[in-house]
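Coordinate inspection notes
One-letter residues, chain by chain:
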Amino acid sequence: MKRNIIILVLIIIFFSACKKEKSVIKENSKLIIYATENKSSEGFWQNYSQQFTDIFDCDIEWKIFAEPEDLYLTLKTKIDSMNCEADLVLGIDNLTLNKASLDSIFIPVKLSNEGKLLSEFKIFEERFVPIAYSPVGFIYNENIHFDYPKTFGELQDGMYYKKLIVPNPKNTSIGANYLAFTVAAFGRNAYGHFWRSLKDNIINTPDSFDLAVDKFLAEMGSILIAPISMENYLNELNADSYGSFIPLEGTTDFIEYGAILKNSNHQILAKNFLNYVISDEFQINVFAYKRLFPTNKNIKLNF
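Here we summarise the structure given alongside this text. (Residues numbered from 1 in each chain as written. Predicted model: local features only at pLDDT ≥ 70, side-chain atom pairs only at ≥ 80, totals over all residues. Heavy atoms only, no water.)

With that settled, the discussion passes to the nonpolar core. In terms of nonpolar packing, the biggest core is built from 61 residues, with Trp45, Leu90, Phe138, Leu164, Ile225 and Phe273 touching the most fellow members. Looking at this core element by element, the count peaks at 7 residues for strand E4 (residues 129–141). Non-local contacts of Ile225, meaning those with residues more than four positions away in its chain, are made with Val136, Gly137, Phe138, Leu164, Ile165, Val166, Pro167, Ile174, Tyr178, Trp195 and Phe209. Membership of the second largest hydrophobic core comes to 25 residues, among which are Tyr34, Ile105, Ile228 and Phe287. (Core = buried A, V, L, I, M, F, W, Y, C linked by side-chain atoms within 4.5 Å. Buried < 20%, exposed > 50% of the residue type's maximum accessible area, 1.4 Å probe, protein only. Helix = DSSP H or I, 4+ residues; strand = E, 2+ residues; numbered from the N terminus. Contact = heavy atoms within 4.5 Å.)

Structure (structure tokens):
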């Protein structure tokens, strides 16, 4: 009798454990991720997260934004209204990071793949994981310009009259990052003079980066402020017609980060996904399809 009772108890424990395990899997079966993509990288996140969803037997619901600022404003609005379902964000850029770092809505992370990051791109404030980057510079049409300006001074030359496309700093992260760089480079009292000296050479200030690229490809301007990593993509579209340069005065890096929301119900799964995003298996696709450079030091590019 005693032996039968013990067996019965063990059976009850076994089936209780199975039920609990299934409920955990069900609870953690879907991540909701806010991410950024522009036209050149459309479908990137969904296409290259399939391996992760297969390994962890989960689903991902994507909410895609064209600009980091749009992503962050939507996120904050939902958090303020206590209606935020997101677990993870991917695509917070340098300038948005300044705002995000002041908020206590993201959790610290420790990732096993952290040691694979380039030395200059470590996890920021233990919360923000660098995913991809590129120096911001100028891409130019080689069919129009046999040479390119080497300095900011040369860029002001009359030979570049109405040639320059500048993504609007009010609406685009690339434009805003480059404006911030010129403020740092020239100082708050002098950066305005620099932009005024370029005024006659600027033909367009499009309100989206996608529109800026479209105008550049349509030759409605022949020099574009952009991540220089975009050069390879543009040459794929138009048979090696483009080059890129960074003025001798220097530049700034455009960096995209990922972070996990404090209110996420799936923090372990989100952490596993961030770890996957900086793995060799994922990062090998960043340059070719995200149109930025990988932050994983093991990925060597041949171009």
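For the rest of this paragraph, the subject is the packing of helix H9 (residues 209–217) against helix H10 (residues 230–237). Running from N to C, H9 and H10 cross one another at 50°; their axes reach a closest spacing of 12 Å. Taken as axis vectors, H9 and H10 run oblique relative to one another. When the axes of H9 and H10 are compared, the crossing they make is right-handed. Contacts from Phe209, Val213, Phe216 and Leu217 in H9 reach Met230, Leu234 and Leu237 in H10. Tallied by class, residues from the contact of H9 with H10 come to 7 nonpolar, no polar and no charged. (Axes fitted to C-alpha atoms, helices over the stretch in contact; angles between N-to-C directions. Parallel < 35°, antiparallel > 145°, perpendicular 65-115°, else oblique. Left-handed = near helix turned anticlockwise from the far one by under 90°. Nonpolar A, V, L, I, M, F, W, Y, C, P; charged D, E, K, R; others polar.)

What follows is about the pattern of salt bridges. Side-chain pairs of opposite charge can arise where the charged atoms are in close proximity. Evaluated as defined, the whole model comprises 12 salt bridges. A salt bridge links Lys63 to Glu85; the nearest nitrogen and oxygen atoms lie 3.9 Å apart. Taken as a pair, Lys63 in strand E2 (residues 59–65) and Glu85 in the loop between helix H4 (68–80) and strand E3 (88–92) lie far apart in primary sequence, 22 residues in all. Between Arg291 and Glu236 there is a salt bridge; the shortest N-O distance is 3.6 Å. Remark: Glu236 occurs in helix H10 and Arg291 occurs in the loop between helix H13 (286–290) and strand E10 (293–294); sequence separation between them is 55 residues. Overall, Arg291 belongs to the buried group, its relative accessible area being 11%. Among the charged side chains, a salt-bridge network with shared partners connects Lys30, Glu61, Lys63 and Glu85. (Salt bridge = Lys/Arg side-chain N within 4 Å of Asp/Glu carboxyl O.)

With respect to the helices, strands and loops of the structure, Thr53 is situated in helix H3 (residues 50–56). Its relative accessible area of 11% is what places Thr53 among the buried residues. If we skip the residues at most four places from it in the chain, Thr53 touches Cys58 and Ile60.

What follows covers the environment of Leu155. Looking at where Leu155 falls in the secondary structure, it is placed in helix H6 (residues 152–155). For Leu155, a relative accessible area of 3% corresponds to the buried category. Considering only alpha carbons, one finds Leu155 and Ser197, 42 residues apart in sequence, at a separation of 9.5 Å. In this view, Leu155 contacts Phe138, Pro149, Tyr160, Leu164, Leu198, Asn201 and Ile223; residues no more than four positions away in its chain are not counted.

Our next topic: H9. Along H9, the positions that sit buried rather than exposed are Phe209, Ala212, Val213, Lys215 and Phe216. Buried residues of H9, seen end-on, are gathered within an arc of 160° and therefore sit on one face of the element. Looking one or two residues past H9, Glu219 carries a phi angle of roughly 60°, positive in sign. (Arc of directions from axis to C-beta.)

This next bit is on the pairing of strand E7 (residues 223–227). Burial within E7 is extensive, with 5 of its 5 residues counted as buried. Here E4 runs beside E7; their pairing, made up of 5 bridges, is antiparallel. Bridge pairing links Val136 to Pro227 in E7. Of the pairings in the sheet, the one linking strand E5 (residues 164–165) to E7 comprises 2 bridges and is parallel in character. When the sheet's bridge partners are listed, Leu164 is paired in E7 with Ile223. (Pairing = 2+ DSSP bridges.)

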